[in-house]
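Understanding the architecture of this molecule
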Amino acid sequence: MTSDLSAARIEGALRGRWGRPLRFFEEVASTNSEALEWAEGGAPEGAAVVADHQSAGRGRLGRTWLSEPGAILPLSVVLRPRLPPDRFGVLSAAAGVATAEAIAEVSGLSCRLKWPNDVTISGRKVAGILLESRMGTGGAPVVVCGIGINVRWTKLPEELGGRATSLALEGSKVDRAALTGSLLLALEKACGRLDDESGSAEIIERATALSEVLGQAVEARVGGVLVSGVALSLTEAGGLVLDTAEGRRVLDAGEIEKLRPA
Ligand code: BTN
């Protein structure tokens, strides 16, 4: 596969402030690991790490995020949230909304969100989001938002068992540099909305409108225990409200191991 990604091509596609400074790698173990280290060393909000290929990409809960050279867009951006840590779940909603909207803008494909942090097309996962935080020097947490988008896979790994898709498989040939530019602008705008209450509420409204989970009967695994109920709404902190046989229960994005239709 010839590469459509380079530092120069990404810099030419940037449309906002985020993405500067930029670190681009032809190959790296994980863009999230690079960005976390950079953030701890003082990288500003919006600093981005992009790679043509990740050799050890990480998914949620210690899973591996599969890739082959040129097939996905792995991107990590440094966030400096001005939010209390118990509201970090709203970052996941903002990243989901931004990813779904950027993909739609560049590919013309319409995406939904599967809470807490999958972006789907026709029920199959096209992108995943991994937010990781560490305590920075000075006591303020540093947060990295890592996004992996299945862009150019034409045959997905069998391990994914038909649960995933790619923009190419959905019929859209997307330039990864253009997608990077749109994604960073969408993230900058969505995360910028979180600074005030009305902006945060608007992000939750957009995540609600894109959700494929709300209104559905679901089964969630939390700390090894199964919880089932109907997904009712998202809280202002990005949690999922479930109507269970024992009453209402709010699931936190960080605690969820698996969510599937009941
Ligand atoms: C998931 O769905 O489990 C989250 C996947 C997140 C993958 C991205 S790819 C860019 C960034 N670097 C990583 O190592 N992981 C995230």
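Please read these numbers as outputs of a predicted model, since none were measured by experiment.

1. Notes on the nonpolar core
Grouped together as the largest cluster of nonpolar side chains are 66 residues, with contacts concentrated most on I103, V119, I149, L167, L187 and L240. Looking at this core element by element, the count peaks at 10 residues for helix α3 (residues 89-107). Two domains each donate at least three residues to this core, and these are domain 1 (7-210) and domain 2 (216-261). Contact partners of I103, with chain neighbours within four places excluded, come to G108, L109, C111, V119, V126, A127, I149, L167 and L179. Counting 10 residues, the second largest nonpolar core, distinct from the first, contains A35, W38, A47 and V49.

2. Some thoughts on the pattern of salt bridges
Summed over the entire model, instances satisfying the criterion amount to 16 salt bridges. For the salt bridge of R82 with E45, the shortest nitrogen-to-oxygen distance reads 3.5 Å. One end of the pair, R82, is in the loop between β3 (72-79) and α3; the other, E45, is in the loop between α2 (31-40) and β2 (48-54), with 37 residues separating them in the sequence. For E45, a relative accessible area of 27% corresponds to the partly exposed category. A salt bridge links E132 to R58; the shortest N-O distance between them is 2.5 Å. With E132 in strand β6 (residues 124-135) and R58 in the loop between β2 and β3, the pair connects residues that are 74 residues apart, well separated along the chain. What makes R58 partly exposed here is its relative accessible area of 33%. Put simply, D4, D52, R152 and R176 are held in one network by salt bridges that share partners.

3. Examining the site of the ligand
Close to the ligand lie 20 residues; S30, Q54, R58, R60 and K125 are nearest. A distance of 3.1 Å separates a nitrogen atom of the ligand from a polar side-chain atom of T31. Burial of the ligand by the protein chains amounts to 98% of its free accessible area of 420 Å². The leading source of residues in the shell around the ligand is β6, at 4 residues. Taken together, the residues of the shell around the ligand sort by class into 6 nonpolar, 10 polar and 4 charged.

4. Points about the side chain of E188
Inspection of the secondary structure puts E188 in helix α4 (residues 176-192). By relative accessible area, which is 14% here, E188 ends up buried. When near neighbours in sequence (up to four residues on either side) are disregarded, E188 contacts G16, R17 and W18.

5. Some words on the domain arrangement of the protein chain
Taken domain by domain, the protein chain comprises domain 1 (7-210) and domain 2 (216-261). Placing a centre on the C-alpha atoms of domain 1 and another on those of domain 2 gives a separation of 23 Å. Each partner contributes to the roughly 1100 Å² buried at the junction of domain 1 and domain 2, and carbon and sulfur atoms together form 63% of this total. Of all residues in domain 1, R60, W115 and I204 bury the most surface against domain 2, accounting for 51% of the area lost on that side. For the interface between domain 1 and domain 2, the tally reads 0 salt bridges. On inspection of domain 1 and its partner domain 2, the count reaches 7 residue pairs in polar contact (both at pLDDT 80 or more). Sorting the residues of the side of domain 1 that touches domain 2 by element identifies α3 and α5 (197-210) as the ones contributing at least two each. Per-element accounting of the side of domain 1 that touches domain 2 gives the leading share, 3 residues, to α5. Of the residues contributing to the side of domain 1 that touches domain 2, the split by class is 6 nonpolar, 2 polar and 5 charged.

Thresholds, definitions, all that
Chains are numbered independently. Their residues run from 1 in the order of the written sequence. Selection of residues for local features in this predicted model requires a pLDDT of at least 70, selection of side-chain atom pairs for listing and counting requires 80 or more, and totals for whole chains, interfaces and linings are taken over all residues. Calculation of side-chain values draws on the structure's entire complement of heavy atoms; hydrogens and water are dropped beforehand. For our purposes a nonpolar core is just a set of buried Ala, Val, Leu, Ile, Met, Phe, Trp, Tyr and Cys residues, chained together by side-chain atoms within 4.5 Å. Only protein chains enter the area calculation, which uses a 1.4 Å probe; residues under 20% of their type maximum are buried, those over 50% are exposed, and those in between are partly exposed. Strands are runs of DSSP state E lasting at least two residues, helices are runs of H or I lasting at least four, and both sets are numbered from the N terminus onward. For every domain, the bounds stem from an assignment made automatically or drawn from a database. Note on contacts: a residue pair qualifies if any of its non-hydrogen atoms lie within 4.5 Å across the two residues. A side-chain nitrogen of Lys or Arg and a carboxyl oxygen of Asp or Glu constitute a salt bridge if their distance falls within 4 Å. Being near a molecule or strand, for a residue, comes down to having at least one heavy atom within 4 Å of it. N or O atoms within 3.5 Å of each other form a polar contact, as long as, within protein, one can give a hydrogen and the other can take it, and as long as residues adjacent in sequence are counted only when both atoms are side-chain atoms. All accessibility values rest on the Shrake-Rupley procedure with a 1.4 Å probe; residue burial counts only the protein chains present in the view. Just so you know the grouping, Ala, Val, Leu, Ile, Met, Phe, Trp, Tyr, Cys and Pro go in nonpolar, Asp, Glu, Lys and Arg go in charged, and all remaining residues, Gly too, go in polar. By buried area we mean how much accessible surface two parts lose on assembly, using a 1.4 Å probe and totalling the loss over both.

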